[in-house]
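Listed below, chain by chain, are the residues.
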Amino acid sequence: MLKAPPGSLVESIFRDPRHLQLLVLASLWMYGLRTFDFGMGLGVSLITIFAALAAQALLSWFFGVPRFDPRSPLISALSLCLLLRVASPWLAVGAAALSIGSKFLIRSGTGHVFNPTNFGIVFLLLSTDGAWVAPGQWGSGALLAFFFACASILVLTRASRWDVSFAFLGCYAALLLARALYLGDPWAIPLRQLQSGSLLLFAFFMISDPKTTPRSRRGRVAFACVVAVLGAGLTLNWFYPVSNGIFYALALGSLSLPLLNAKSPGRPYRWGESRPMAPRGSLAPPV
C-alpha cells in the first residue's frame, strides 16, 4: 500500500480519521440535499452546523480547553443533518447544543460517556413530538449501500474501530433473521429492515465513535452485542421503529462503558499520533 511521506500534508490529513469522516459525511449530506427530499433543508442544516460550532467554541472557552477544534462538532452536526428531522429550527439548535454539551458535562474519568449525536437525538425523541428520525431516507439501492459500506470501512480502518461496527451488524442481523425463522416470516422482512440508511450511518459513524467505545477489542465486541440485543429487543418486542430502537439502545448501552473499561482495560484512544493526551483528572480535556 502506498504511503504518504512523513510530515506531508497528505500524511497529516490521513493520520486523523476525522478528516475522512468529514469527507464522507459531507459528501452524503450534499448528495442527499441534491437527490432526496431532506426534511431539514439547507437552511436548517446550516443553522445546525453553526449551532454546533458555537456550542463547541463557548464550552471550550468556559472549560479552558487550550484551542478550538471544529472537527468534532462538524462531525456531530453533519450526523444530525443526515439523521434527524425537526419541526422547528429551534429544535435543531437544541439538538446541536445538547450533543456538544454532553461531551463536556457528562463524563467518566477523562472521557465523555455518550456519543454526542446519539445523545442529542435521543433527548429530542423523548422530550418532544417535533423531532423524528427518517429511516429510509437513503433508499435501499445496492449501489448506494455498497458505496456507503466501502467509504465507512475506509474511515473505520483509520480509527481502528471496524470491529465494533461489524460485531453490531452481525449480531443485529442474526437476531432479526433468527426471529423471522422462528416465526416463519418471509426473509424479505428482516432483509428490508437491514436495508436502512440510518442503520448504516449508526453502525459506521455512531456506535464506532472511538471516544465512546471500550478501549479493548474484547470490550468493544461485548459492547456491540449489548447494543444489538437491546436494539433488537426494543424493535421486535416493544415495536419501536428500527431507527429509534437502535438509538435508545446505544444510549442505554453507553452506561456500561465504565464497567467494560474496568473489566477489560486498554489504552485511551486519541485522535492522531500528534494529539496530546489529557492529564488524568482534568475537568474537560480536548474533545
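The preceding data block contains the structure.
Keep in mind the model is a prediction, meaning the values are calculated, not measured.

> Let's hear about the overall build of the protein chain: which residues, and what values?
Of regular secondary structure, the protein chain possesses 13 helices and 4 strands. Classification of the 287 residues of the protein chain by burial places 51% in the buried group. Sequence separation of at least 24 residues holds for 76% of the intrachain contacts in the protein chain that already meet a minimum separation of 6. About 13700 Å² of surface is accessible on the protein chain, with carbon and sulfur atoms providing 69% of the total.

> Account for the side chain of arginine 71, with residues named and values stated.
Structurally, arginine 71 is set in helix α4 (residues 71–83). At a separation of 2.8 Å, a polar atom in the side chain of arginine 71 contacts the side chain of aspartate 69.

> Could you give me a rundown of the pattern of salt bridges, with the residues and numbers involved?
If you walk through the whole model with that rule in mind, you get 4 salt bridges. Residue arginine 71 is joined to aspartate 69 by a salt bridge in which the shortest nitrogen-to-oxygen separation is 2.8 Å. Here arginine 71 and aspartate 69 have matching classes, each one buried. Between aspartate 163 and arginine 220 there is a salt bridge; the shortest N-O distance is 2.9 Å. Separated by 57 residues along the polypeptide, aspartate 163 in helix α8 (residues 162–183) and arginine 220 in helix α11 (residues 217–236) bring together distant segments of the chain. As far as burial versus exposure is concerned, aspartate 163 and arginine 220 are alike and both buried. Connected through salt bridges with shared partners, the residues Arg18, Asp69 and Arg71 form a single ionic network.

> Explain the state of the cysteines to me, and be specific about the residues and the numbers.
This model, assessed by the stated rule, comprises 0 disulfides. Left without a disulfide partner, cysteine 171 is nearest to the cysteine sulfur of cysteine 225, which lies 4.2 Å away. Residue classification places cysteine 225 among the partly exposed residues on the basis of a relative accessible area of 29%.

> Can you tell me about the environment of aspartate 209, naming the residues and giving the values?
You can see aspartate 209 is positioned in the loop between α10 (197–206) and α11. The spatial distance from the C-alpha of aspartate 209 to the C-alpha of asparagine 115 is 7.0 Å, given a sequence separation of 94 residues.

> I'd like to hear about the packing of aromatic side chains, residue by residue, with values.
For the coordinates displayed, the defined rule picks out 8 aromatic pairs. Judged by centre distance (5.2 Å) and plane angle (85 degrees), the rings of phenylalanine 62 and phenylalanine 63 are edge-to-face. Residue class for phenylalanine 63 comes out buried when judged on its relative accessible area of 18%. Following the ring pairs from residue to residue traces out a cluster consisting of Phe168, Tyr172, Phe202 and Phe247.

Conventions we followed
Residues numbered from 1 in each chain as written. Predicted model: local features only at pLDDT ≥ 70, side-chain atom pairs only at ≥ 80, totals over all residues. Heavy atoms only, no water. Helix = DSSP H or I, 4+ residues; strand = E, 2+ residues; numbered from the N terminus. Buried < 20%, exposed > 50% of the residue type's maximum accessible area, 1.4 Å probe, protein only. Contact = heavy atoms within 4.5 Å. Areas by Shrake-Rupley, 256 points an atom, 1.4 Å probe, with all protein chains shown as cover. Polar contact = N/O pair within 3.5 Å; in protein donor to acceptor, adjacent residues only side chain to side chain. Salt bridge = Lys/Arg side-chain N within 4 Å of Asp/Glu carboxyl O. Disulfide = S-S within 2.5 Å. Phe/Tyr/Trp six-rings, centres within 6.5 Å; stacked < 30°, edge-to-face > 60°.

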